[in-house]
Amino acid sequence: MGRTAGSDVEALFATASAARAHAYAPYSGFRVGAAVMSASGRLFAGANVENASYPAGLCAEAVAIGAMVAAGDTRITAVAVVGEGAALTMPCGVCRQRLSEFAGPDTSVHVGDRGGVRQSFRFGDLLPFAFGPSNLAR
Ligand code: THU
């Protein structure tokens, strides 16, 4: 499990939950909010943004990462994803790869629903043996 200070987990969850309320998910009806905390301690929010051309839709994590990069940060220390339903709303495979660019194996990933964080993970356990920038450093 990744480790994040309790107050940081609360702030991440609150930020992701607030973004989830703005999710644009008219096609799936599945609303997701995400938040990333950068190394500077700032929080960036994202929500899923679907599209009538279904594959053009964006996951909440992708939107949060974009907000962080646009603000000038490139290191993620903790993540929260807030979805719904009995099953945990885990970051999809593509989003694990997206997070991998900016996260490390010890980055915490907190997964929850409207009730709060349900389970926390260590990023390295979610995407071991990742393809990354070092592969391109020839
Ligand atoms: N979705 C996310 O935004 N993040 C996840 O971690 C899982 C899935 C979105 C994509 C799509 O808009 C909806 O959930 C249903 O797949």
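Thoughts on the layout of surface pockets
Considering only enclosed or pocket space, the largest pocket measures out at about 230 Å³ in volume. Taken together, 17 residues make up the lining of the largest pocket; nearest its centre are Val32, Asn48, Glu50, Leu58 and Cys59. Residues that form the lining of the largest pocket fall into these classes: 11 nonpolar, four polar and two charged.

Re the site of the ligand
Around the ligand lies a shell formed by Ser28, Phe30, Val32, Asn48, Glu50, Cys59, Ala60, Glu61, Met90, Pro91 and Cys92. Within the side chain of Asn48, an N or O atom sits 3.0 Å from an oxygen atom of the ligand. A distance of 2.8 Å separates an oxygen atom of the ligand from a polar backbone atom of Ala60. Judged by its atoms lying within 2 Å of the grid points, the ligand is housed in the largest pocket.

A short note on the sheet that holds strand β4 (residues 108-113)
Pairing in this open sheet of five strands is mixed, and the strands run β2-β1-β3-β4-β5 from one edge to the other. Looking at which strands have only one partner, the edges of the open sheet turn out to be β2 (43-47) and β5 (116-122). Averaged over all neighbouring strand pairs, the angle between strand axes comes to 20°, with direction disregarded. Across six bridges, strand β1 (residues 33-38) lies against strand β3 (residues 76-82) in antiparallel orientation. Its bridge partner being in β3, Val36 is matched across the sheet by Val79. Set on the sheet, helix α2 (residues 60-70) makes contact with β1, β2 and β3; between it and β2 the angle comes to about 145°.

Side note on the pattern of salt bridges
Under the criterion given, the structure shown has five salt bridges. Its salt-bridge partner being Arg122, residue Asp106 comes within 2.9 Å of it at the nearest N-O pair. You can see Asp106 sitting in the loop between α3 (93-100) and β4 and its partner Arg122 sitting in strand β5, a full 16 residues away along the chain. Here Arg122 falls in the partly exposed class, since its relative accessible area comes to 25%. With a closest N to O distance of 3.4 Å, Arg122 and Asp125 form a salt bridge. Among the charged side chains, a salt-bridge network with shared partners connects Asp106, Arg122 and Asp125.

Rules used in this analysis
- Residues numbered from 1 in each chain as written.
- Predicted model: local features only at pLDDT ≥ 70, side-chain atom pairs only at ≥ 80, totals over all residues.
- Heavy atoms only, no water.
- 1 Å grid on protein atoms, 1.4 Å probe; cavity = no way out; pocket = protein on both sides within 12 Å on 5 of 7 lines; lining within 4 Å.
- Points joined across faces, edges and corners; volume = space filled by probe spheres on them.
- Nonpolar A, V, L, I, M, F, W, Y, C, P; charged D, E, K, R; others polar.
- Near = heavy atom within 4 Å.
- Polar contact = N/O pair within 3.5 Å; in protein donor to acceptor, adjacent residues only side chain to side chain.
- Sits in = over half its atoms within 2 Å of the grid points.
- Pairing = 2+ DSSP bridges.
- Helix = DSSP H or I, 4+ residues; strand = E, 2+ residues; numbered from the N terminus.
- Axes fitted to C-alpha atoms, helices over the stretch in contact; angles between N-to-C directions.
- Contact = heavy atoms within 4.5 Å.
- Salt bridge = Lys/Arg side-chain N within 4 Å of Asp/Glu carboxyl O.
- Buried < 20%, exposed > 50% of the residue type's maximum accessible area, 1.4 Å probe, protein only.

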